[in-house]
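# Structure assessment
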Amino acid sequence: VTFFSSHVFCQSDSGLEVLAVQRVSKAQAWQRAGRAGREDAGICYRLYTEQEFDNLIPMTVPEIQRCNLAGVMLQLMALGIPDVMNFDFMSKPSPETVRSAVEHLELLGALERKDGQVLLTALGKKMASFPLEPRYAKTILVSPDFCCSEEILSIVSLLSVDTVLYNPPARREEVLAARKKFTSSEGDHVTLLNIYRAFKKVGGNKEWCRENFVNSRNMGLVKEVQAQLREICLKLNLKLVSCGVETGNIRHCLAHGMFISAAELQPDGSYLALDSHQAVAIHPSSVLFQAKPAYVIFNELLHTSRCYMRDLCLVDADWLLDAAPEYFGRKLHITKS
């Protein structure tokens, strides 16, 4: 019976989602034991002591209380729910988490405050049209300004499915050799885009996928997600254009949509998440693991022995300042040479 499981938790002070491994609850443990006894009575062997079982929490924390509520609050606003700050959730999240989610949406330009009320902006209404995290929706909506909407649709689709890459430990050298031709010094987002472009160029050939350690099934899902997002963009009259080889436009656009998940290199070589002021490190799976870029944005934080950033993109400090001048005016520590 599994003793640990992965959950997404929201840090109420920053709004960041963190993929963390936690002990299961007693309810989960009994449920999993029950699965083994569906056909007939039997014995459940637990791989931990009775004392450890007694120390488990009785019930799993409801997801609404452990996830970033930005997307939930945006949908409530789009539905016309009055006074979302005091919405009567069945499993009520903490006031700090609700407040953090609203602040997150304000930074993205989805909400504004008028006469003591929180109102949805024109941009926020468009963001609510996408079945995505608000930061991804914002990135798609600003992509025409950077002439890279086709590329951003591909990247967001790649990030919306399970990993499209697989890494068999016994064939590590082969994997590294296969990935080398797609690797970009600009980060994991551009690297993924290079792999997706190559996948489309060969028409999704399964032999090519096997040779390059690409999950063909998940790549098929990426195409389906991209088609759905493209349809929404057309309904919103969003201009779909491509930047071609100008990948700097892609990174500039990602910085505008995902600036809250930014980190800054410190003098001692470590990184600091600018929103939460938490010490973070580049995950070993990132193409930037051996590099030391001054500023990066990341998709998620993973807590293991350290707090790791996963799926990184190289960005400029000026782009972050341009995306949210007041916010980064007090966050960045830019040294002028």
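Anyway, here's the lowdown on the structure attached to this text. Only a predicted model underlies this, so the values are computations on that prediction, with no experimental measurement involved. (Residues numbered from 1 in each chain as written. Predicted model: local features only at pLDDT ≥ 70, side-chain atom pairs only at ≥ 80, totals over all residues. Heavy atoms only, no water.)

## What to know about the overall build of the protein
- The number of helices and strands found in the protein is 14 helices and nine strands.
- Relative to its full complement of 337 residues, the protein shows a buried share of 47%.
- Of the contacts made within the protein by residues no fewer than 6 positions apart, 64% connect residues no fewer than 24 positions apart. (Helix = DSSP H or I, 4+ residues; strand = E, 2+ residues; numbered from the N terminus. Buried < 20%, exposed > 50% of the residue type's maximum accessible area, 1.4 Å probe, protein only. Contact = heavy atoms within 4.5 Å.)

## A word on unusual backbone geometry
- The phi dihedral of F213 falls on the positive side, at around 55 degrees, and the residue is not glycine.
- Relative to the elements of secondary structure, F213 occurs in the loop between α10 (206-211) and α11 (216-235).
- One non-glycine residue, N237, lies in positive phi territory at about 60 degrees.
- Note on placement: N237 falls in the loop between α11 and α12 (247-257).

## Quick word on helix α9 (residues 188-201)
- The end-to-end C-alpha distance of α9, which contains 14 residues, comes to 20 Å, matching closely the 20 Å that a straight helix rising 1.5 Å per residue would cover.
- Of all the 14 residues making up α9, ten are buried; the element is thus mostly covered by neighbouring parts of the structure.
- Restricting attention to buried positions, one finds in α9 the residues D188, H189, V190, T191, L192, L193, I195, Y196, A198 and F199.
- Where α9 ends, the next residue or the one after it, G203, has phi of about 65 degrees, a positive value. (Expected span 1.5 Å × (residues − 1).)

## A closer look at the packing of aromatic side chains
- What the rule picks out here adds up to eight aromatic pairs.
- Pairing W30 with F53 gives two aromatic rings, centres 5.7 Å apart and planes at 85 degrees, and the pair type is edge-to-face. Linking W30 in helix α1 (residues 26-36) with F53 in helix α2 (residues 50-55), this pair joins segments that are 23 residues apart in sequence.
- Classification of F53 as buried rests on a relative accessible area of 12%.
- Between the NZ or CZ atom of R46 and the centre of the ring of W30, over which it lies, the distance is 4.7 Å. (Phe/Tyr/Trp six-rings, centres within 6.5 Å; stacked < 30°, edge-to-face > 60°. Lys NZ or Arg CZ within 6 Å of the ring centre and 35° of its normal.)

## Things to note about the packing of helix α3 (residues 70-78) against helix α4 (residues 95-108)
- Running from N to C, α3 and α4 point in directions that differ by 75 degrees, and their axes come no closer than 8 Å. Accordingly, the angle class assigned to the pair α3 and α4 is roughly perpendicular. Contact with α3, carried on its side by A70, M73 and L74, involves V98, A101, V102, H104 and L105 of α4 and no other residues of that element.
- Here the residues of the contact of α3 with α4 are counted per class, giving seven nonpolar, one polar and no charged. (Axes fitted to C-alpha atoms, helices over the stretch in contact; angles between N-to-C directions. Parallel < 35°, antiparallel > 145°, perpendicular 65-115°, else oblique. Nonpolar A, V, L, I, M, F, W, Y, C, P; charged D, E, K, R; others polar.)

## Quick look at the side chain of S286
- By the secondary structure assignment, S286 is in the loop between β7 (278-282) and β8 (295-303).
- The residues contacting S286, other than those within four sequence positions of it, are D188 and L312.

## As for the packing of helix α7 (residues 149-159) against α9
- α9 packs onto α7 with a crossing angle of 100 degrees between their chain directions and a minimal axis gap of 10 Å. When the axes of α7 and α9 are compared, the pair comes out roughly perpendicular. Of the residues in α9, those touching α7 at E151, S154, I155, L158 and L159 are H189, L192, L193, Y196 and R197.
- Considered class by class, the residues forming the contact of α7 with α9 number six nonpolar, two polar and two charged.

## Description of the pattern of salt bridges
- The final tally for this structure, using the stated rule, is ten salt bridges.
- A salt bridge links E300 to R310; the nearest nitrogen and oxygen atoms lie 2.5 Å apart. On the criterion of sequence distance, the pair formed by E300 in strand β8 and R310 in strand β9 (residues 307-314) is long-range, its members being ten residues apart.
- Judged by its relative accessible area of 23%, E300 falls in the partly exposed class. (Salt bridge = Lys/Arg side-chain N within 4 Å of Asp/Glu carboxyl O.)

## Points about the nonpolar core
- Core analysis: the largest hydrophobic core is formed by 76 residues, its most contacted members being M73, F130, I140, F259, L320 and F328.
- Those residues within four positions of F259 in sequence are excluded, and the remaining contacts are L107, L108, K138, L254, L320, A323, A324, Y327 and F328.
- Residues A263, V280, I282 and L288 belong to the second largest nonpolar core, which totals twelve residues. (Core = buried A, V, L, I, M, F, W, Y, C linked by side-chain atoms within 4.5 Å.)

## Considering the environment of N215
- Mapped onto the elements of the fold, N215 is located in the loop between α10 and α11.
- Each residue touching N215, except ones within four places of it in the same chain, is listed here: T163, V164 and Y166.
- One polar contact links the side chain of N215 to the main-chain amide nitrogen of N218, over a distance of 3.0 Å. (Polar contact = N/O pair within 3.5 Å; in protein donor to acceptor, adjacent residues only side chain to side chain.)

## So, the pairing of β9
- Strand direction decides the pairing type here: β7 and β9, joined by two bridges, are parallel. Looking at β9, one finds that A281 is bridged to Y308.
- As defined by bridge partners, β8 adjoins β9 across seven bridges and the pair is classed as antiparallel. Residue pairing across strands places L302 opposite Y308, the latter belonging to β9.
- Linking two consecutive strands that pair antiparallel, namely β8 and β9, is a turn of three residues. (Pairing = 2+ DSSP bridges.)

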